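Now for the letters of each chain:
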Amino acid sequence: MATTTRTVEVELATQTMSPTGEVFRMPLTANDAGFVMPIDLAPGTEPDMGSERMLINIGPQHPATHGVLRLVLELDGETVIRCVPHIGYLHCGFEKIGEYRQYNQIIPWTDREDYLNSMGNNVAYALSAERLFGIEITPRCTVLRVIAMELSRIISHLVWLGTTAIDLGAFTPFLWTFQERETVYNLWESWVGARLTTSATRIGGMAADLPSGWIDGLKGFLRSLPKTLDETDRMLTRNGIWVGRTVGLGIMTASEAINYGLSGPMLRASGVAYDVRKDVPYLDYETYDWDIAVGTKGDVYDRYLVRMEEMRQSVRIIEQAVARLPDGPINVDDPRVILPAKIKATSEMESMIHHFKLVMEGPRPPIGECYVATESPKGEKGYYLVSDGTSKPVRWRIRPPAFVNLSAISKMAEGHLLSDVIAINASIDIVMGEIDR
Amino acid sequence: MSVVLPGAALPKNTPDPVTPRTVPHRGGDVNPSVEALRAQFGATIGRHDVTWGETTVWIDATKVREIALWLRDDPTQQYDYLVDVTAVEHRDAAMPLEMVWHVRSLPYRRFLRIKAALDPNAELEVPSIEPVYKSANWLEREVYDMFGVRFGGHSDLRRILLWESYAEGFPLRKDFPLRGRFSRSEQLTQALAANPEAPYSMEELSVADAFHELPADMRERLLRVKAGG
């Protein structure tokens, strides 16, 4: 198991200009305690404002809140005394709507919650519904879903990386990461016809098999992504400003992180090597050779390192998946859930009735319930389904990782400076579509 | 800080977990924590069943905090991770409303579903497990927001996804219509009449000295919103 070691060898200096116009390098120092910048301030230039507290509202419409999050901060000077998050601006009642939809009709809703990871949600939901129906998917479908989930993880982390870099003042990585992400969206488009809202899975299989040449496109992406990651790594990892704005912020110890229910990179950055893919495996993840990225300090910088390493590990998993991708059907041979072939449905009476009943009435699982967790880019994403034997679930519950992760923001932000709240908030990797549902 | 490895409490030669195959609908291995719970809490623990490989144990709702605390702290259990808190109301009105807690033991790699039955026609109240698991804070607020279950001892039980003055009820209850209780025109009227300052709670405003310097009419409006008018 690989552990991301934390050796920050930063030549901490930044190019700056003196009032007289001379360019010189200003030394910065970074250490684990935080960012210390020596500034000589003439004493008495700042009047003492006393202990008056200020209330600051950030969002909901603010680019640094990554959606429609609203934070109400109580400040003492620039120090955050209290942080009260307000959510719900995107609430559309997905779980309520799901109770009025057939099992296959819920799949489009899963696209729209964590919309940076729509493919991963499709797979996660399908796995959960298949457990409820008692279906074992085909070997080809299993490997295709692994590729889908890991690519989805990569693009979600790329968006996180680019937007977080923008939040902290670096614009260029955003362009690099979004360029890579575009390649994956082109791949999605040629596979399932949609870029963002993929709806790629069906209960018992996939909506479509890979088109010809798709694997070549994927291999091209796998060749170019590590270069982009290396470039971003060179740009950020030992960059004085980046280190200064991330090291020592929002620290969660391992026991705190577990107690606050953090999951995904947030939890692993705190030194807990819990990954659903290893601990509660699905889709044969235990047969792939890959490592969990673990941090040591649990600060914003560690979360960055963990996500960077996770993208590299995802590349490893996809390479192995491509090498082992078997031929064969993508859908299970189970008439309870899989539609008959189009040519049969239009030429044979029995198949037409079968098609009609599946579409109009929907497949019916036995009475029961199940919770299937998957490792989404944000953390442990699980779907809890309760069936009463009809074609619509009694309860469709999304276990939202970003919702639980965000609930710890007050704990992480309090005591830090106002500008650090932006970095801490970015490090949670929130997607409001998933939090508000 | 050293790395916390899940499965650390298991014997050394325990094989790594694998993807489950051919999970039976009913029956299978029962989570050993059920027997331990029975031994510890006796009649507080009700029946249990195994569905699709997951053990569900029914408990007395009023004892959930003691049970959660014991499950977390007992060295033979160590359920240190609260996965989810939610509720289920069945379409069959004769069935009870179920509170559901999903807990996971990272050291033992166990997963347990704890359920408690509540009477949907009575006052819905269970003890909060926020003192045991901090993650329960928002999860319980969401259950309160959606089902109207009150959590005794919760530090900050407010609506979370809906706004505080939301008057239509609890959306995930089965008697709540899909489109909401109010007509579209009523919803629009309310939205247009809403106060732009309403999103601040009084608690938030009171910390700011600026509140006392607000114009009197604005202050009065805010107080009115708080009072529900």
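Given the structure is predicted, the values throughout are model-derived calculations rather than measurements.

Each value, and the rule that gives it
- Residues numbered from 1 in each chain as written.
- Chains lettered and ligands numbered in written order.
- Predicted model: local features only at pLDDT ≥ 70, side-chain atom pairs only at ≥ 80, totals over all residues.
- Heavy atoms only, no water.
- Helix = DSSP H or I, 4+ residues; strand = E, 2+ residues; numbered from the N terminus.
- Buried < 20%, exposed > 50% of the residue type's maximum accessible area, 1.4 Å probe, protein only.
- Contact = heavy atoms within 4.5 Å.
- Areas by Shrake-Rupley, 256 points an atom, 1.4 Å probe, with all protein chains shown as cover.
- Pairing = 2+ DSSP bridges.
- Axes fitted to C-alpha atoms, helices over the stretch in contact; angles between N-to-C directions.
- Domains from an automatic or database assignment.
- Buried area = accessible area lost by both parts, 1.4 Å probe.
- Salt bridge = Lys/Arg side-chain N within 4 Å of Asp/Glu carboxyl O.
- Core = buried A, V, L, I, M, F, W, Y, C linked by side-chain atoms within 4.5 Å.
- Nonpolar A, V, L, I, M, F, W, Y, C, P; charged D, E, K, R; others polar.
- Phe/Tyr/Trp six-rings, centres within 6.5 Å; stacked < 30°, edge-to-face > 60°.
- Lys NZ or Arg CZ within 6 Å of the ring centre and 35° of its normal.

Enquirer: What is the right way to look at the overall build of chain A in this model?
Expert: Within chain A one finds 17 helices and twelve strands. Counting the 437 residues in chain A, one finds 59% classified as buried. A separation of at least 24 residues holds for 69% of the contacts in chain A among residues at least 6 apart in sequence. Just so you have it, chain A exposes about 16,400 Å², and 56% of that area is on carbon and sulfur atoms.

Enquirer: Looking at this structure, I do not really get the pairing of strand 12 (residues 395–399) of chain A. What am I missing?
Expert: For a regular strand, side chains alternate in direction, first toward one face of the sheet and then toward the other. Residues and elements named next belong to chain A. Counting buried positions along strand 12 yields five of five residues, so the element is predominantly enclosed. Pairing of strand 11 (residues 379–387) with strand 12 involves five bridges; the strand directions are antiparallel. Residue pairing in the sheet places Gly-382 in a bridge with Arg-399 of strand 12.

Enquirer: How should I be thinking about the sheet that holds strand 4 (residues 97–105) of chain B in this particular structure?
Expert: Two strands in a sheet stick together by hydrogen bonds in their backbones, pointing the same way (parallel) or opposite ways (antiparallel). All names here are of chain B. Spatially, 1-2-5-4-3 is the arrangement adopted by the five strands of the open sheet, whose pairing is mixed. Of all the strands in the sheet, just strand 1 (45–51) and strand 3 (81–88) have a single pairing partner and so form its edges. If you compare each strand with its neighbour and ignore which way they point, the axes differ by 20 degrees on average. Helix 1 (residues 33–41) rests against strand 1, strand 2 (54–59) and strand 5 (110–118) of the sheet, and its axis sits at about 175 degrees to strand 1.

Enquirer: Could you clarify how one ought to interpret the domain arrangement of chain A in this entry?
Expert: One frequent convention defines the size of an interface as the accessible area lost when the parts assemble. Residue and element names in this part refer to chain A. When its domains are assigned, chain A resolves into domain 1 (54–86) and domain 2 (94–435). Placing a centre on the C-alpha atoms of domain 1 and another on those of domain 2 gives a separation of 28 Å. The junction of domain 1 with domain 2 conceals about 1,500 Å² of combined surface from both sides, 67% of it contributed by carbon and sulfur atoms. Viewed at the interface, domain 2 and domain 1 are joined by zero salt bridges. Those elements that provide at least two residues to the side of domain 1 that touches domain 2 are strand 6 (70–76) and strand 7 (79–86). When residues in the side of domain 1 that touches domain 2 are grouped by element, the largest group, six residues, is from strand 7.

Enquirer: Just checking my understanding: could you explain the nonpolar core for this structure?
Expert: What tends to happen in soluble globular proteins is that the nonpolar side chains get buried as a cluster. In terms of nonpolar packing, the biggest core is built from 172 residues, with A:Ile87, B:Met99, B:Trp101 and B:Val149 touching the most fellow members. If one sorts the elements of this core by residue count, helix 4 (residues 139–167) of chain A sits on top with 14 residues. Taken together, domain 1 (54–86) and domain 2 (94–435) of chain A each give at least three residues to this core, which thus spans both. Residues in contact with B:Met99, not counting those within four places in the same chain, are B:Val85, B:Thr86, B:Ala87, B:Ile114, B:Lys115, B:Ala116, B:Leu118, B:Val126, B:Val143, B:Val149 and B:Phe151.

Enquirer: Got a minute to help me understand the interface of chain A and chain B in this structure?
Expert: Each partner contributes to the interface: chain A provides 78 residues, whereas chain B provides 68 residues. Taken together, both faces of the contact between chain A and chain B bury some 5,900 Å²; the carbon and sulfur share is 56%. Between B:Lys174 and A:Glu99 there is a salt bridge, and its shortest N-O distance comes to 2.9 Å. For the side of chain A that touches chain B, the leading source of residues is strand 10 (residues 368–376) of chain A, giving five residues. A per-class count over the side of chain A that touches chain B returns 38 nonpolar, 16 polar and 24 charged.

Enquirer: Looking at this structure, I do not really get the pairing of strand 7 of chain A. What am I missing?
Expert: Residue and element names in this part refer to chain A. Two elements, strand 6 and strand 7, share seven bridges in a ladder whose sense is antiparallel. Across the sheet, residue Arg-70 finds its bridge partner in strand 7, namely His-86. The antiparallel hairpin formed by strand 6 and strand 7 contains two residues in its connecting segment, where Gly-77 sits at a positive phi of about 65 degrees.

Enquirer: Explain the packing of aromatic side chains to me, please; I cannot follow it from the model alone.
Expert: One pair of aromatic rings is described through two measures. These are the centre distance and the angle between the planes. In the structure shown here, the tally under the stated rule is 20 aromatic pairs over all chains. Centre to centre, the rings of A:Tyr103 and A:Phe133 are 5.4 Å apart; their planes meet at 85 degrees, and the pair counts as edge-to-face. Here A:Tyr103 is found in the loop between helix 1 (94–98) and helix 2 (107–113), whereas its partner A:Phe133 is found in helix 3 (residues 118–133), with 30 residues between them in sequence. Where A:Tyr282 meets A:Tyr285, the ring centres are 5.1 Å apart and the plane angle is 70 degrees; that geometry is what we call edge-to-face. The same class applies to A:Tyr282 as to A:Tyr285, namely buried. Every member of this aromatic cluster is reached through a ring pair, and the members are A:Tyr282, A:Tyr285, A:Tyr288 and A:Trp290. In this structure, A:Arg307 packs its charged tip against the face of A:Trp160, placed 4.5 Å from the ring centre. If you follow B:Arg110 out to its NZ or CZ, it ends over the ring of B:Tyr108, 4.8 Å from the centre.

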